[in-house]
Amino acid sequence: MIKIPAFTATGIGSVPHSTAPLAMEVIKNNLPVIPHWPQLPKISATEGLIGQNTALLCDIGLIVDNGQRAPYFDTAQEGWADKLTVFYTDYLEAVESDEIPQKFAYPVDFAAGLFYFLEHFNPNLYKEALFIKGQVTGPLTLALTITDQNRKSAYYDDILKDLVLKVVEQNARWQVKTLQRLNLPVIVFADEPGLYAYGQSTHITLKSNEIRNELNQVFNAISAAGGIPGIHCCASTDWSILLNSNASIVSFDAFEYFDKFAAYARDITGFLEREGFLAWGIVPTSDKINEYAADDLVKLLLEQIDLLVAKGVPGERLKKQAFVTPSCGTGTLSLDQTELVYKVLKQVSQKMKTI
């Protein structure tokens, strides 16, 4: 079981800052127990949710970035089969070794926030830190977003989906092993906003058991590397998929989508009984942050807990096995709004710990 004080705060990932030092100052001041490295999508597309996990695929040439459209797989290119061979050789070498899989490392210009975090994490400045947190793009989101040369989502091509899944798996493993050099336990979330697509008429071929198995491949890699696997979805989805997966932490948007999440009371109970933690995204990451003080959000969170208890979910576990987070990343907000989100988040955490 994860041993951490109930209602400790951490972040999701993205922030709107243009430099890592400014972003880390906000994180250090407000998330002393579980700081996270900042994603900086304002710097470039390679720092964003999609670009960050494509470095090796771009380097080998499996993904083409010609500036004329979003980067895509070109399966019709000359030498495609040879490039596949290069990738799978790199992958097999990674999984057969206990060393850090450097071929799957983020380049510095794909993750400036991560490398700044690694270089400047000082235990004297983070005296309260018990864990550190990282994040990767979820395989479903990545494979649904990246297309082939005919604009067909990679998810619907078995080879391309396998490439994406293996990249995310080893990116996550590299991240765990790299962050472990800071001598604290490592949490890594798979960020899966694309899970909203499950059950939609536009994605009727998505199957819950396949999605769970694909996510478990990433979670199992994180666990095998000594990390703690989590998943974040900032929209509505079939929560039974995640609550019955191998994730140790399930992060959800409690501010906007609690009613949808609460419909899965039986699955929530089973997840908690297996020692899983819920990360309550109770602090809004929209203009609504200007309308809600910490006391308002504490009241809302307590009401939500009471509602789940009324549905049969064990209240002691709900209160013991809990994090608090923003409802999503803050990369689309202003700098002032982001600082307010993190400030209110810290206040919510402090108030919930006294209740």
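This one's a predicted model, so the numbers in the text were calculated from it and none came from an experiment.

(A) Inspection of empty space enclosed by the protein at higher detail. This structure, assessed with the given rule, holds two cavities of 30 Å³ or more. Taken as a whole, the largest cavity holds about 40 Å³ of empty space. As for the largest cavity, its lining consists of Q52, N53, A55, L56, K103, F104, A105, Y106, V167 and N171. Counting residues per element, the ones that place at least two in the lining of the largest cavity are α2 (55-60) and α6 (158-179). Across the lining of the largest cavity, the residue classes break down as six nonpolar, three polar and one charged. Along its surface, the second largest cavity is lined by P139, L140, A143, Y155, K161, V164, L165 and E214. Put simply, the parts of the chain that give the lining of the second largest cavity at least two residues each are α5 (139-145) and α6.

(B) Structural view of the environment of N244. Structurally, N244 is set in the loop between α8 (239-243) and β7 (249-252). Residues N244 and F271 lie 27 residues apart in sequence; the distance between their C-alpha atoms is 6.7 Å. Leaving out residues up to four positions away in the same chain, N244 has contacts with R212, D267 and R274. Only 2.9 Å separates the side chain of N244 from the side chain of D267, close enough to count as a polar contact.

(C) Spatial organisation of the packing of helix α3 (residues 80-95) against α6. Contact geometry for α3 and α6: axes closest at 11 Å, N-to-C directions at 35 degrees. The handedness of the crossing between α3 and α6 comes out as left-handed. Between α3 and α6, the contacting residues are W80, L84, F87, Y88, Y91, A94 and V95 on the first element and I159, L160, D162, L163, K166, V167, E169, Q170 and R173 on the second. The residue inventory of the contact of α3 with α6, partitioned by class, reads 11 nonpolar, one polar and four charged.

(D) How the structure looks around the packing of aromatic side chains. Per the stated rule, a full pass over the model turns up 16 aromatic pairs. For the pair F73 and W80, a centre-to-centre distance of 6.5 Å together with 90 degrees between the ring planes defines the contact as edge-to-face. This pair shows no difference in class: F73 is buried, exactly as W80 is. A centroid spacing of 5.4 Å and a plane angle of 55 degrees characterise the contact between Y106 and W174, whose relative ring orientation is tilted. Residue Y106 is found in the loop between α3 and α4 (112-120), and its partner W174 is found in helix α6; the two are separated by 68 residues along the sequence. The class of W174 is buried, set by a relative accessible area of 2%. Three or more aromatic residues joined by ring pairs form one cluster here, namely W239, F252, F258, F261 and W280. The aromatic ring of Y72 is capped on one face by R69, whose charged end is 3.9 Å from the ring centroid.

(E) Up close: the side chain of Q175. Tracing the backbone through its elements, the reader meets Q175 in helix α6. A polar contact of 2.9 Å, which involves the side chain of Q175, links it to the side chain of W37. Residues in contact with Q175, not counting those within four places in the same chain, are W37, Y106, G134, Q135, V136 and V188.

The rules we used
Residues numbered from 1 in each chain as written. Predicted model: local features only at pLDDT ≥ 70, side-chain atom pairs only at ≥ 80, totals over all residues. Heavy atoms only, no water. 1 Å grid on protein atoms, 1.4 Å probe; cavity = no way out; pocket = protein on both sides within 12 Å on 5 of 7 lines; lining within 4 Å. Points joined across faces, edges and corners; volume = space filled by probe spheres on them. Helix = DSSP H or I, 4+ residues; strand = E, 2+ residues; numbered from the N terminus. Nonpolar A, V, L, I, M, F, W, Y, C, P; charged D, E, K, R; others polar. Contact = heavy atoms within 4.5 Å. Polar contact = N/O pair within 3.5 Å; in protein donor to acceptor, adjacent residues only side chain to side chain. Axes fitted to C-alpha atoms, helices over the stretch in contact; angles between N-to-C directions. Left-handed = near helix turned anticlockwise from the far one by under 90°. Phe/Tyr/Trp six-rings, centres within 6.5 Å; stacked < 30°, edge-to-face > 60°. Buried < 20%, exposed > 50% of the residue type's maximum accessible area, 1.4 Å probe, protein only. Lys NZ or Arg CZ within 6 Å of the ring centre and 35° of its normal.

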